[in-house]
Amino acid sequence: MYTMTTKQLSGKPKRILVADDDVAIVESTCMVLRENGYQVDSADDKEAINKMEKSLPDLLLLDIWMSGQDGREICKYLKSKELTRHIPIILISASHDIAKSAKGAGSDDFLAKPYGMYELLEKVAKYLDPVD
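This write-up is about the structure you can find in this document. (Residues numbered from 1 in each chain as written. Predicted model: local features only at pLDDT ≥ 70, side-chain atom pairs only at ≥ 80, totals over all residues. Heavy atoms only, no water.)

1. Section: the overall build of the protein
Our working rule: Numbering goes from the N terminus for both helices and strands, where a helix is a DSSP run of H or I of at least four residues and a strand is a run of E of at least two. Summary of the burial criterion: residues with accessible area below 20% of their type's maximum are buried, those above 50% are exposed, and those between are partly exposed, where the area comes from a 1.4 Å probe applied to protein chains only. It only takes one pair of heavy atoms within 4.5 Å for two residues to be counted as in contact. What sets the accessible areas is the Shrake-Rupley method with a 1.4 Å probe; for residues, cover comes only from the shown protein chains.
In terms of helices and strands, the protein carries six helices and seven strands. The order of helices and strands in the protein, counted from the N terminus, is α-β-α-β-α-β-β-β-α-β-α-β-α. In the protein, which comprises 132 residues, the proportion classed as buried is 44%. Taking contacts inside the protein between residues at least 6 apart in sequence as the whole, the part at least 24 apart equals 61%. About 7100 Å² of surface is accessible on the protein, with carbon and sulfur atoms providing 54% of the total.

Take a look at the structure:
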């Protein structure tokens, strides 16, 4: 299990939105994040944007290919809006060119599928749990 982080010691948990249409990935990712003290919501389509505009998360994990939606376009859209541009976005994909795609979309980082849970937690902590 991942070690306790500052967000768990300081009280209010950080909110993460996981947007992916692969149920197994969403369930396992959400479970690991919740077990490590994060508040997690999930979406499997364009609903991700609607959820973000109603209640802003502290971080978005966004699949590149999701129910006919291009996560790169969603990322570009969110990064172009004043309300959401500050939110870290980590693109996730099994694509061999994920690094190039993530950079082109303006995301903050990326995870290549399949990703390990420690790798996931390290990436999330990089944006949500800065070292003092």
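2. Quick look at the packing of aromatic side chains
Test applied: For Phe, Tyr and Trp, rings pair up if their centres lie within 6.5 Å, where Trp contributes its six-membered ring, and each pair is then called stacked (planes under 30 degrees apart), edge-to-face (over 60) or tilted (otherwise). Whether a charge sits over a ring depends on NZ of Lys or CZ of Arg being within 6 Å of the ring centre and within 35 degrees of the ring normal.
Considering all chains together, one arrives at zero aromatic pairs under this definition. Geometry around F110 places K123 over its ring, the cationic atom sitting 5.1 Å from the centre.

3. Focus on helix α6 (residues 117–128)
Residues spaced three or four apart along an α-helix point in a common direction, a consequence of the helix completing one turn every 3.6 residues. We apply this condition: One fewer than the residue count of a helix, multiplied by 1.5 Å, yields its expected span.
The end-to-end C-alpha distance of α6, which contains 12 residues, comes to 16 Å, matching closely the 16 Å that a straight helix rising 1.5 Å per residue would cover. Along α6, the positions that sit buried rather than exposed are L120, L121, K123, V124, A125 and L128. As for α6, its buried residues are in contact with β1 (15–19), α2 (23–35), β3 (59–63), β6 (89–93) and β7 (109–112).

4. With respect to the pattern of salt bridges
For clarity, the cut-off: One speaks of a salt bridge when a side-chain nitrogen belonging to Lys or Arg is within 4 Å of a carboxyl oxygen belonging to Asp or Glu.
According to the stated counting rule, one finds nine salt bridges in the structure shown. Measuring nitrogen to oxygen at the nearest pair gives 3.0 Å for the salt bridge that ties R72 to D70. Taking the relative accessible area as the measure of exposure, D70 reaches 21% and is therefore partly exposed. A cluster of three or more residues bridged by salt bridges with shared partners is formed by D20, D63 and K113.

5. Focus: the sheet that holds β7
Put simply, the rule reads: Two strands make a pair as long as DSSP finds a minimum of two bridges between them. Only the stretch in contact is used when fitting a helix axis, every axis being a line fitted to C-alpha atoms; angles between N-to-C directions are given from 0 to 180 degrees.
One open sheet accounts for five strands, arranged β2-β1-β3-β6-β7; its pairing is parallel. A strand with exactly one partner marks an edge of an open sheet, and here the two such strands are β2 (39–43) and β7. Recorded for the sheet is a direction-independent mean angle of 20° between the axes of neighbouring strands. Contacting β1, β2 and β3, helix α3 (residues 47–54) runs over the sheet at an angle of about 140° to β2. Along the sheet face, helix α4 (residues 71–80) touches β3 and β6 and points at about 175° away from the line of β6.

6. Thoughts on the environment of L17
Along the chain, the position of L17 falls in strand β1. Setting aside residues no more than four positions away along its own chain, L17 makes contact with D41, S42, A43, A48, K51, M52, P57, L59, L60 and L61.

7. Re the packing of α2 against α6
Put simply, the rule is: Should an angle fall under 35 degrees it is taken as roughly parallel, and over 145 as roughly antiparallel, whereas 65 to 115 is taken as roughly perpendicular and any remaining angle as oblique. Whether a crossing is left-handed or right-handed is set by the direction in which the near helix is turned from the far one by less than a right angle, anticlockwise for left-handed and clockwise for right-handed. Residue classes follow a fixed rule: Ala, Val, Leu, Ile, Met, Phe, Trp, Tyr, Cys and Pro count as nonpolar, while Asp, Glu, Lys and Arg count as charged, and any other residue, Gly among them, counts as polar.
Where α2 contacts α6, the two axes come as close as 11 Å, and the packing angle between them is 60°. Taken together, α2 and α6 sit at an angle that is classed as oblique. Here the hand of the crossing between α2 and α6 comes out right-handed. From α2, S28, T29, V32 and L33 reach across to α6, where they touch M117, L120, L121 and V124. The residue makeup of the contact of α2 with α6, split by class, is six nonpolar, two polar and no charged.

8. Some words on unusual backbone geometry
A negative phi angle characterises most non-glycine residues, just as the trans form characterises most peptide bonds. Residue K113 is joined to P114 through a cis peptide bond whose omega torsion reads -5°. By the element assignment, P114 lies in the loop between β7 and α6.

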